[in-house]
Amino acid sequence: MKKDGHIHSPFCPHGTKDPFERYIEKAIEENFSEITFTEHAPLPTNFVDPTPKKDSGMIPKDLTAYFETLQQLKQQYKDQITIKVGLEVDYIVGYETETRALLDIAGPILDDAILSVHFLKHNDTYTCIDFSHEVYLDFARQIGGVEALYNLYYDTVLQSIDANLGRFKPRRIGHPTLVHKFQLAHGENIDDNHRTIEVLTKMQEKGYELDVNSAGLSKPYCKEPYPPIHMIEYARSISLPLVFGSDAHSADDLHQHYDTIMR
């Protein structure tokens, strides 16, 4: 069964306005049996988004319309493809209570969800480490280098796995090597295999799924999926459940590199 479990939508403030139907009809044409729309969940209202346009998460007032639209589309296309209603939920250190409150509200409506780390905390401030290579490299300088950034990222992903986010906590961990996004910009040879193995092993032990995320292959400073191919093979070797995700923010990017990764 071909499945794409990580897809964005016209409700994404930093994505495209490609309509849901374009994504759905492309998935049908490419013989996918199941897709999950995982729009960026609204960020906690008391969290200050550090990105310039403050557009990392869905506008809170749009959440109901997002759910209602997807419920309609599920029914409209039910004879052609399974559509799941999902969210990509940010794990933000220090905002666990607010995130749990959101999940308590949205959880009963969700069919599927992803828990991802995009924001790292240092000295009581937060940085969106995948926003740009300039932001990434500046943050690395602030915290003592690229290897320190890698370790802080993996430490935060491990915290997300352990975090108490209530009974609707997502069971899939998003792009756990997103910290590689700008590896060709920093140019350092960081051996983080042991950290990736630590994360994947803990996911397997705790009953999580892995978001096998192809988007990094299209990123000019990354050129590999999240996690890289040899770590996808490691995940398979320990029987960690894998769910392909294109992380598409446009219909053109839907299912990108599926055949490369899921061969």
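To be clear, the structure that these remarks concern was listed above.
All of these numbers come straight from a predicted model, not from anything done at the bench.

**Student:** Just to check I follow, could you spell out the nonpolar core for this structure?
**Tutor:** General note: in soluble globular proteins, nonpolar side chains tend to be found buried as a group. In terms of nonpolar packing, the biggest core is built from 71 residues, with Ile-24, Phe-37, Tyr-66, Ile-83, Leu-87, Tyr-153 and Met-203 touching the most fellow members. Residue contributions to this core peak at eight residues, all from helix 5 (residues 146–162). Apart from the residues within four sequence positions on either side, Ile-83 is in contact with Ile-24, Ile-35, Phe-37, Leu-70, Leu-73, Lys-74, Tyr-77 and Asp-111. Counting residues in hydrophobic clusters, the runner-up holds seven residues, among them Leu-43, Phe-47, Tyr-95 and Cys-128.

**Student:** Is there a simple way to explain the packing of helix 4 (residues 133–143) against helix 5 in this structure?
**Tutor:** A pair of packed helices can be characterised by two numbers: the angle between their axes and the separation between those axes. At their nearest, the axes of helix 4 and helix 5 sit 7 Å apart, and the two run at 95 degrees to each other. Comparing their axes, helix 5 and helix 4 come out roughly perpendicular. Contacts from Tyr-136, Phe-139, Ala-140 and Ile-143 of helix 4 reach helix 5 at Val-146, Ala-148, Leu-149, Tyr-150 and Leu-152.

**Student:** Explain the pattern of salt bridges here, please?
**Tutor:** Side-chain pairs of opposite charge can arise whenever the charged atoms involved come near each other. Scanning the model with the defined rule gives 15 salt bridges in all. For Lys-3, the salt bridge is made with Glu-34, and the minimal N-O distance between the two is 3.0 Å. Here Glu-34 lies in strand 2 (residues 34–40) and Lys-3 lies in strand 1 (residues 3–7), a separation of 31 residues in the sequence. Since its relative accessible area comes to 9%, Glu-34 is described here as buried. A single salt-bridge network, built from bridges that share partners, covers Lys-3, Glu-34 and Lys-84.

**Student:** Whenever I open this one, the pairing of strand 6 (residues 125–128) confuses me. Can you help?
**Tutor:** Along any regular strand the residues' side chains alternate between the sheet's two faces. Sheet topology places strand 5 (residues 119–122) next to strand 6; four bridges connect them, and they run antiparallel. Note on strand 6: the bridge partner recorded for Lys-121 is Tyr-126. Between strand 5 and strand 6, which pair antiparallel in sequence order, lie two residues; one of them, Asn-123, sits at a positive phi of approximately 50 degrees.

**Student:** Can you walk me through a negative patch on the surface in this structure?
**Tutor:** A cluster of like negative charges, contributed by Glu-21, Glu-25, Glu-29, Glu-30 and Asp-259, occupies part of the molecular surface. At three residues, helix 1 (residues 20–29) tops the list of elements feeding residues into the negative patch.

What counts and what doesn't
Residues numbered from 1 in each chain as written. Predicted model: local features only at pLDDT ≥ 70, side-chain atom pairs only at ≥ 80, totals over all residues. Heavy atoms only, no water. Core = buried A, V, L, I, M, F, W, Y, C linked by side-chain atoms within 4.5 Å. Buried < 20%, exposed > 50% of the residue type's maximum accessible area, 1.4 Å probe, protein only. Helix = DSSP H or I, 4+ residues; strand = E, 2+ residues; numbered from the N terminus. Contact = heavy atoms within 4.5 Å. Axes fitted to C-alpha atoms, helices over the stretch in contact; angles between N-to-C directions. Parallel < 35°, antiparallel > 145°, perpendicular 65-115°, else oblique. Salt bridge = Lys/Arg side-chain N within 4 Å of Asp/Glu carboxyl O. Pairing = 2+ DSSP bridges. Patch = residues over 30% accessible without salt bridge, like charges linked within 9 Å, V, L, I, M, F, W, Y side chains within 5 Å. Areas by Shrake-Rupley, 256 points an atom, 1.4 Å probe, with all protein chains shown as cover. Lys, Arg positive; Asp, Glu negative; His and termini not counted. Charge placed at Lys NZ, Arg CZ, Asp CG, Glu CD.

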